[in-house]
Amino acid sequence: MTTDPPTEPTEAPTPGGPRRARLAFRRWRRTRPFWAALWTALGGFVIFFLPMAPLGKILQVGVGGIAGMAGGVLLMAMALLILLLPGQRHTAGVIAVIAGVASFPLSNLGGLFAGMFLSVLGGCMAFAWLPEKPAKRRFPRRTTPTALGSGSA
């Protein structure tokens, strides 16, 4: 048995490491339509992977399977556009709604309605999202009498 004291760590843990990362992610997430992009991507994922089957079955499905995969890829691309370029959210939201509705006849009833519903929900949320307004000042600025034009004549 040894009686050596336990060694101390050489690096001090960063104060609030995981908490700081979580708060930074929250701050970033609130500056863009995060939930709209998430629902759109999930809808695209469902529409894309639902018709996925072995290659022989996809070839038998034909254009319907390929159109479903193309619609899913388009929806996932729109989700990235919504997330990374919030200024283009209106265009991407409209395209996501159109692609989601178009998936109904093109891809197994829109991913058995789930993918269609999620992509339309995400597109509508992206179109309706507004950035946060800056907080109002608690105390108004004071103005000087000369700035109001009440100087001596």
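Predicted model, so just to flag it, every value in this text is computed and none were measured.

Cut-offs applied
- Residues numbered from 1 in each chain as written.
- Predicted model: local features only at pLDDT ≥ 70, side-chain atom pairs only at ≥ 80, totals over all residues.
- Heavy atoms only, no water.
- Helix = DSSP H or I, 4+ residues; strand = E, 2+ residues; numbered from the N terminus.
- Expected span 1.5 Å × (residues − 1).
- Buried < 20%, exposed > 50% of the residue type's maximum accessible area, 1.4 Å probe, protein only.
- Axes fitted to C-alpha atoms, helices over the stretch in contact; angles between N-to-C directions.
- Parallel < 35°, antiparallel > 145°, perpendicular 65-115°, else oblique.
- Left-handed = near helix turned anticlockwise from the far one by under 90°.
- Contact = heavy atoms within 4.5 Å.
- Nonpolar A, V, L, I, M, F, W, Y, C, P; charged D, E, K, R; others polar.
- Phe/Tyr/Trp six-rings, centres within 6.5 Å; stacked < 30°, edge-to-face > 60°.
- pLDDT = per-residue confidence, 0-100.

Student: Please provide a residue-by-residue account of helix 7 (residues 114-128), values included.
Tutor: The α-helix advances 3.6 residues per turn, and as a result positions three or four apart in sequence lie on the same side. Counted at 1.5 Å a residue, the expected span for helix 7 with its 15 residues is 21 Å, and the 21 Å between its end C-alpha atoms agrees. Buried residues of helix 7: Gly-115, Met-116, Leu-118, Ser-119, Gly-122, Gly-123 and Ala-126, and no others.

Student: Could you give an account of the packing of helix 2 (residues 34-49) against helix 7, with specific residues and numbers?
Tutor: Taken N-terminus to C-terminus, the directions of helix 2 and helix 7 make an angle of 155°; their axes are 7 Å apart at the nearest point. Comparing their axes, helix 7 and helix 2 come out roughly antiparallel. As helix 2 packs across helix 7, the resulting crossing turns out to be left-handed. Of the residues in helix 7, those in contact with Trp-35, Ala-36, Trp-39, Thr-40, Leu-42, Gly-43, Val-46 and Ile-47 of helix 2 are Ala-114, Gly-115, Met-116, Leu-118, Ser-119, Leu-121, Gly-122, Gly-123, Met-125 and Ala-126. Residues that form the contact of helix 2 with helix 7 fall into these classes: 12 nonpolar, 6 polar and no charged.

Student: Quick rundown of the packing of aromatic side chains? Include the residues and the values.
Tutor: A ring pair, where both rings are aromatic, is described by two values, the distance of the centres and the angle of the planes. Here the structure, examined in full by the defined rule, presents 6 aromatic pairs. Between the aromatic rings of Phe-45 and Phe-49, the centroid separation amounts to 4.6 Å while the plane-to-plane angle is 55°, which identifies the pairing as tilted. Here Phe-45 and its partner Phe-49 are both found in helix 2, 4 residues apart, which amounts to about one turn of the helix. On the basis of relative accessibility, which here comes to 40%, the residue Phe-49 falls in the partly exposed class. An aromatic cluster of three or more residues is present, and its members are Phe-25, Trp-28, Phe-34 and Trp-35.

Student: Kindly report on the packing of helix 5 (residues 89-106) against helix 7, identifying the contributing residues and their values.
Tutor: Running from N to C, helix 5 and helix 7 cross one another at 160°; their axes reach a closest spacing of 8 Å. Classified by the angle their axes make, helix 5 and helix 7 are roughly antiparallel. As helix 5 packs across helix 7, the resulting crossing turns out to be left-handed. The segment helix 5 lies against helix 7, with Arg-89, His-90, Gly-93, Val-94, Ala-96, Val-97, Gly-100, Val-101, Ser-103 and Phe-104 engaging Met-116, Ser-119, Val-120, Gly-123, Cys-124, Ala-126 and Phe-127. Looking at the contact of helix 5 with helix 7 residue by residue, the class counts come to 10 nonpolar, 6 polar and 1 charged.

Student: Lay out the confidence of the model for the protein in plain terms, naming residues and giving numbers.
Tutor: Across the protein, pLDDT averages 81, with 71% of residues at or above 70. Confidence, read as mean pLDDT per element, is least for helix 3 (residues 55-61) in the protein (57) and greatest for helix 7 (94).

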